[in-house]
Amino acid sequence: MQIKSQINTILQNIFKELEIEAPNVAISDATKVEFGDYQYNGAMALAKALKKNPREIAQNIASELEKEKLFSKIEVAGPGFINLTINKEFLEQELASVLDSRAGVKQKDNPIKVVVDYSSPNMAKQMHVGHLRSTIIGDTIANLFEFLGDEVIRQNHIGDWGTQFGMLIAYFEENQANIDAKLSDLEEFYKAAKKRFDESDEFADKSREYVVKLQGGDEGCLRLWSAFIEKSLEHCQEVYDTLGVKLDKSNVKSESSYNSDLANIVTMLEEKGVAQESQGAKCIFFEDSQNPLIIQKSDGGYLYATTDLAAIKYRVQELGAKRVCYVVDARQAEHFKQVFEAARRAGIASSDVLLEHIAFGMMLDKSGRPFKTRDGGTVKLIDLINEAVNRAKEVISRANEYDEAELEHIAKVIGIGSLKYADLSINRTSNYIFNWDKMLSLDGNTALYMQYAYARINSILTKAGEFVGGKVVLNDELERRLALKVLSLEDTLQKAYKEAMPHIITTYLYELATLFMRFYEQNPILKDGVDEDIKKSRLILAKATANAIKVGLNILGIEVLERI
Ligand code: ARG
């Protein structure tokens, strides 16, 4: 149920009735509780266009709104704001519809095919915290789109085709041994190879030779190269599985898989006049940028951008995507801006396809520096994840006693949930300050707070015995506001969908759980002496809240616990 868009439709109809030209009708949330639930602030702009008094226009709209059963209060305030309060009878009726497993959220009427490109680490190197952010945010976005009914294709655009592989092959040749033993710690292997590369010109030359051989299809090189990739992917898969992220081999579509199309892409771009030769390289130029997009180097080599153009072609023309989302570090903004524009100019993607860079900021430590280990190295993701689980274990065993198996399970759900939630709960475009204590706090906008709220409601429902249902009667303003919040889930998810912003969901969940806690403090449910009808009504409210929390957390890739 989308309350906001219902109100927008009502307003649109009123404008038709009043013969007012109003193209973008959008109500907003009330800025203060005293103002009611929603606000329409468009009367001032309309008045200007119509050369009329804004309060008079607002008054006319308000009189029409009075005819609707949806509102209990309509108020014109200040220069022409219209404040709206939703009728409690309406909420009471609607609440029955959110007791299902989707918490009443409908699927879109017009689903589309969407590609979400996320995680996308570079092979042979350790996945770093930037890839962690991409993995967590991307998985959430894919979950959200899927939940709302789109057909989502998850793509892991792994970097498996670069000069580093020549270096690794050269190093391997030098240190012939069992490949599995050598690759057990790929990161160490990579570091050692890099050291050799930086120290010895001879080794560097050898590495370059191997790159050429590899790219020329030499079988020995290709065999080694695939071994590196396979090993590297195993490490990534361990991270995905531990995090509970929905990526596996079937989602891998690597950079190298586009190799055979790169020459065509360059020819096509030249033929269409999109690319030009400049100092031996093939480039695409942009009015608003000093830097051209290079698609072929003077030595004939192809680049990151060339692969990305081939990937757009594949995603749009073969997969049939109508929206392609790239969940990648904000520092690649210019790359994507140029690649998207080049794709449009070349007709690889027409204007009915949305190409979006879902940018995110850096992960920083508490002092605002890039996130590193104590000795300045890259933090291994699997270590970071394990630490989250261990810290969660500590926090919860302080509060309660568990048997071993239960403790392990709960700590994992909470630890990983916290890691994800902390990342998702800030506006993704900002840098993200990583802070263990804040992340695992019981109080505040955290996974733990939400999981506690869920577990608490669950225990209330269990204690109440079989959930019977009945009629909801909203007894006070707090109950009315809680009901409205529960019913706003779909509006919230739609907004998060449009903007591809996961924090819109966490903000909602936090407000919902906070309202519930206040309601529960003030309005006992199972206490002796509570009227049976009131008890039933409050149980429905509790159940509806739990449903909305569960749906929200699941989209964020976070599990709930029946008991903590
Ligand atoms: N492998 C790249 C990196 O680690 C990210 C790739 C993102 N996806 C893409 N289609 N360019 O920076």
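Structure: see above.
In short, a report on the structure. Keep in mind it's a predicted model, so treat the numbers as computed, not measured.

### Thoughts on the side chain of R133
Next up, step 1: On the secondary structure map, R133 appears in helix α5 (residues 129-147).
Next up, step 2: The exposure class of R133 is buried, given its relative accessible area of 0%.
Next up, step 3: Here D423 takes part through its side chain, which lies 2.8 Å from a polar atom of the side chain of R133.
Next up, step 4: Excluding residues within four positions of it along the chain, R133 makes contact with G138, F360, G361, M362, M363, D423, I426, R428, S430 and Y432.

### Description of the environment of F371
Next up, step 1: The residue F371 is located in the loop between β12 (363-364) and α14 (381-399) in this model.
Next up, step 2: Separated by 368 residues in sequence, F371 and I3 place their C-alpha atoms 42 Å apart.
Next up, step 3: Residues contacting F371, with those up to four places away along its chain left out, are V129, M363, L364, D365, V379, L384 and F434.

### Notes on empty space enclosed by the protein
Next up, step 1: In this structure the tally under the stated criterion is 1 cavity of 30 Å³ or more.
Next up, step 2: Contributing to the lining of the largest cavity are M1, V98, A103, G104, V105, V486, L487, L489 and E490.
Next up, step 3: Of the residues belonging to the lining of the largest cavity, the class tally is 7 nonpolar, 1 polar and 1 charged.

### Things to note about the site of the ligand
Next up, step 1: The environment of the ligand is formed by D117, S120, N122, H131, H157, Y304, D308, Y326, V328, Q332 and F336.
Next up, step 2: Here Y304 contributes a side-chain N or O atom positioned 2.8 Å from a nitrogen atom of the ligand.
Next up, step 3: Within the contact set of the ligand, a nitrogen atom lies 2.7 Å away from a side-chain nitrogen or oxygen of D308.
Next up, step 4: When isolated, the ligand has an accessible area of 350 Å², and the protein chains bury 90% of it.
Next up, step 5: Elements supplying a minimum of two residues to the shell around the ligand: α12 (304-318) and β10 (323-329).

### Comments concerning the pattern of salt bridges
Side-chain pairs of opposite charge can arise where the charged atoms are in close proximity.
Next up, step 1: Scanning the entire structure with this criterion turns up 33 salt bridges.
Next up, step 2: Among the salt bridges present, the one from K73 reaches E75, with a minimum N-O distance of 3.8 Å.
Next up, step 3: For K73, a relative accessible area of 43% gives the class partly exposed.
Next up, step 4: One salt bridge connects R154 with E146, and the closest N-O pair in it is separated by 3.0 Å.
Next up, step 5: Residue classification places E146 among the partly exposed residues on the basis of a relative accessible area of 35%.
Next up, step 6: Connected through shared salt-bridge partners, D37, E477 and R480 make up one network.

Calculation notes
- Residues numbered from 1 in each chain as written.
- Predicted model: local features only at pLDDT ≥ 70, side-chain atom pairs only at ≥ 80, totals over all residues.
- Heavy atoms only, no water.
- Helix = DSSP H or I, 4+ residues; strand = E, 2+ residues; numbered from the N terminus.
- Buried < 20%, exposed > 50% of the residue type's maximum accessible area, 1.4 Å probe, protein only.
- Polar contact = N/O pair within 3.5 Å; in protein donor to acceptor, adjacent residues only side chain to side chain.
- Contact = heavy atoms within 4.5 Å.
- 1 Å grid on protein atoms, 1.4 Å probe; cavity = no way out; pocket = protein on both sides within 12 Å on 5 of 7 lines; lining within 4 Å.
- Points joined across faces, edges and corners; volume = space filled by probe spheres on them.
- Nonpolar A, V, L, I, M, F, W, Y, C, P; charged D, E, K, R; others polar.
- Near = heavy atom within 4 Å.
- Areas by Shrake-Rupley, 256 points an atom, 1.4 Å probe, with all protein chains shown as cover.
- Salt bridge = Lys/Arg side-chain N within 4 Å of Asp/Glu carboxyl O.

These results come straight from atomic positions and should not be treated as a statement about function.
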